[in-house]
Amino acid sequence: MKKVMLIVAATSFAALFIFSCSKKEETTTPTPTPTPTVTCTLKKIVQTEVGSTTPSNTEYTYNSAGKVVKLKYDNNYDTVIYGTSGTMSMVKQYPNGSTTVSKTYTYTYSGSTITQIVETGTNNGTSYTTTSVITYNASNMPSGVTTTTTPSGSGSNMSIKNIVWSGSSPTSADIDFDGTGANVIPCTITADGKKNIARFAPPTEGSSVFDLYSSNIISVVTKSTVTMNGMTFPAGS
């Protein structure tokens, strides 16, 4: 499961894209020299975080319809299952070299918009279910993610509220640590103007909606001073 922790400043990285491309002659324009059309398919992303010398790898496999059906990471891989409507209905995660499912993610839609992600798996020997309900604003951009995990204590209930967007980049959000509304940290969000490569992967938790909808990479998350459980946490990035 890909974790996106918005409380910590977003990680900077360098990424190498590997594409498989093909050319198709354009015949609709009667010119002496036809202009070639290039079609590229993303095959692999090699990502190195700043300060690290060890790259991480993501490899993509497609079906005959051009849809991603497998994503292979360094330690595990995901298989993607589509419903009859063509929308992604389930993702199954496996440890590399194994055929035993470690986690599953199922998706609920309103039209073509994901409104709920349900994750099931095992944490320290205890089976759990994490449900993330996603709400949207009038522009059909995510406005909040409410997350609950059962049984209690087996996972996170951290939710995201009051997401504000400027075009296709988020500018602020409130992080609700336990989903109760008692421990909320207001945050401002800065994007770096670079394209967001994370959107090529299926969302595997509620906070992944940032990856689906943000056109740029979130580079800095700045939190306000907040008091929780009698302790004051200073503002910072």
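The structure presented is a predicted model; accordingly, all values stated were derived computationally and were not measured.

(A) Molecular detail of the overall build of the chain. Secondary structure assignment for the chain yields one helix and 16 strands. With 237 residues in all, the chain has 33% of them scored as buried. When contacts within the chain are restricted to residue pairs at least 6 apart in sequence, long-range pairs at least 24 apart make up 32% of them. Carbon and sulfur atoms form 54% of the exposed surface of the chain, whose accessible area is close to 13000 Å².

(B) Examining the packing of aromatic side chains more closely. Applying the stated criterion to the full structure yields one aromatic pair. Ring geometry for tyrosine 77 and tyrosine 94: centres 4.9 Å apart, planes at 10°, overall stacked. With tyrosine 77 in strand 5 (residues 76-82) and tyrosine 94 in strand 6 (residues 88-95), the pair connects residues that are 17 residues apart, well separated along the chain. Directly above the ring of tyrosine 77 sits lysine 70, whose terminal nitrogen or CZ lies 4.7 Å from the centroid.

(C) Local environment of unusual backbone geometry. Backbone torsion omega between threonine 150 and proline 151 reads -5°, so that peptide bond is classified as cis. Positive phi outside glycine occurs at asparagine 124, with the angle close to 55°. Turning to its location among the elements, asparagine 124 is positioned in the loop between strand 8 (113-123) and strand 9 (126-136). Despite not being glycine, asparagine 140 has its phi angle at roughly 65°, a positive value.

(D) How the structure looks around the environment of threonine 149. Following the sequence through the fold, threonine 149 ends up in strand 10 (residues 142-150). Separated by 17 residues in sequence, threonine 149 and serine 132 have C-alpha atoms that sit 8.8 Å apart. Those residues in contact with threonine 149, other than ones at most four positions away along the chain, are Tyr128, Thr129, Thr130, Ser154, Gly155, Ser156 and Asn157. In terms of polar contacts, threonine 149 uses its side chain to reach the side chain of threonine 130, at 2.9 Å.

(E) Main features of the confidence of the model for the chain. Averaged over all residues, the pLDDT of the chain equals 78, while 71% of them reach at least 70. Considering only residues more than four positions removed or in separate chains, one finds that residues 1-13, a stretch of pLDDT under 50, has 39 contacts.

(F) Looking closely at the nonpolar core. Among the nonpolar cores identified, the biggest contains 25 residues, and Tyr60, Leu71, Val91, Tyr107 and Ile160 are the most heavily contacted of them. For this core, the secondary structure elements donating two or more residues are strand 2 (36-49), strand 4 (68-72), strand 6, strand 7 (103-110), strand 8, strand 11 (159-166), strand 12 (169-176) and strand 13 (184-195). Excluding anything up to four places from it in sequence, tyrosine 107 contacts Met88, Ser89, Met90, Val91, Ile114, Gln116, Ile117, Pro202, Pro203 and Thr204.

(G) Structural detail: the pairing of strand 4. Bridge count between strand 3 (residues 56-62) and strand 4: four bridges; the pairing is antiparallel. Each residue of the ladder has a partner; that of tyrosine 60, found in strand 4, is leucine 71. Here strand 3 folds back onto strand 4, and the loop between the two strands holds five residues, one of which, glycine 66, carries a positive phi near 85°. Judged from the three bridges that link them, strand 4 and strand 5 form a sheet pairing that is antiparallel. Each bridged residue has a counterpart across the sheet, and for leucine 71 the counterpart in strand 5 is aspartate 78. What sits between strand 4 and strand 5 in their antiparallel hairpin is a turn of three residues.

(H) Looking closely at the side chain of threonine 58. Topologically, threonine 58 is positioned in strand 3. Those residues in contact with threonine 58 that sit more than four places away from it in its chain are Lys43, Lys44, Ile45, Leu71, Lys72 and Tyr73.

(I) Looking closely at the pattern of salt bridges. Tallied over the full model, the rule gives one salt bridge. Between lysine 161 and aspartate 176 there is a salt bridge, with its nearest N and O atoms 2.8 Å apart. Of the two residues, lysine 161 sits in strand 11 while aspartate 176 sits in strand 12, which places them 15 residues apart along the sequence. Among the residues examined, lysine 161 registers a relative accessible area of 30% and is labelled partly exposed. Assessed through its relative accessible area of 0%, aspartate 176 is described here as buried.

(J) Seen up close, the environment of valine 69. For valine 69, the position within the fold is in strand 4. Each C-alpha atom, one on valine 69 and one on methionine 88, is 9.7 Å from the other, the two residues being 19 residues apart in sequence. If we skip the residues at most four places from it in the chain, valine 69 touches Thr61, Tyr62, Asn63, Asp78, Thr79, Val80 and Tyr82.

What counts, and where the lines are drawn
Residues numbered from 1 in each chain as written. Predicted model: local features only at pLDDT ≥ 70, side-chain atom pairs only at ≥ 80, totals over all residues. Heavy atoms only, no water. Helix = DSSP H or I, 4+ residues; strand = E, 2+ residues; numbered from the N terminus. Buried < 20%, exposed > 50% of the residue type's maximum accessible area, 1.4 Å probe, protein only. Contact = heavy atoms within 4.5 Å. Areas by Shrake-Rupley, 256 points an atom, 1.4 Å probe, with all protein chains shown as cover. Phe/Tyr/Trp six-rings, centres within 6.5 Å; stacked < 30°, edge-to-face > 60°. Lys NZ or Arg CZ within 6 Å of the ring centre and 35° of its normal. Polar contact = N/O pair within 3.5 Å; in protein donor to acceptor, adjacent residues only side chain to side chain. pLDDT = per-residue confidence, 0-100. Core = buried A, V, L, I, M, F, W, Y, C linked by side-chain atoms within 4.5 Å. Pairing = 2+ DSSP bridges. Salt bridge = Lys/Arg side-chain N within 4 Å of Asp/Glu carboxyl O.

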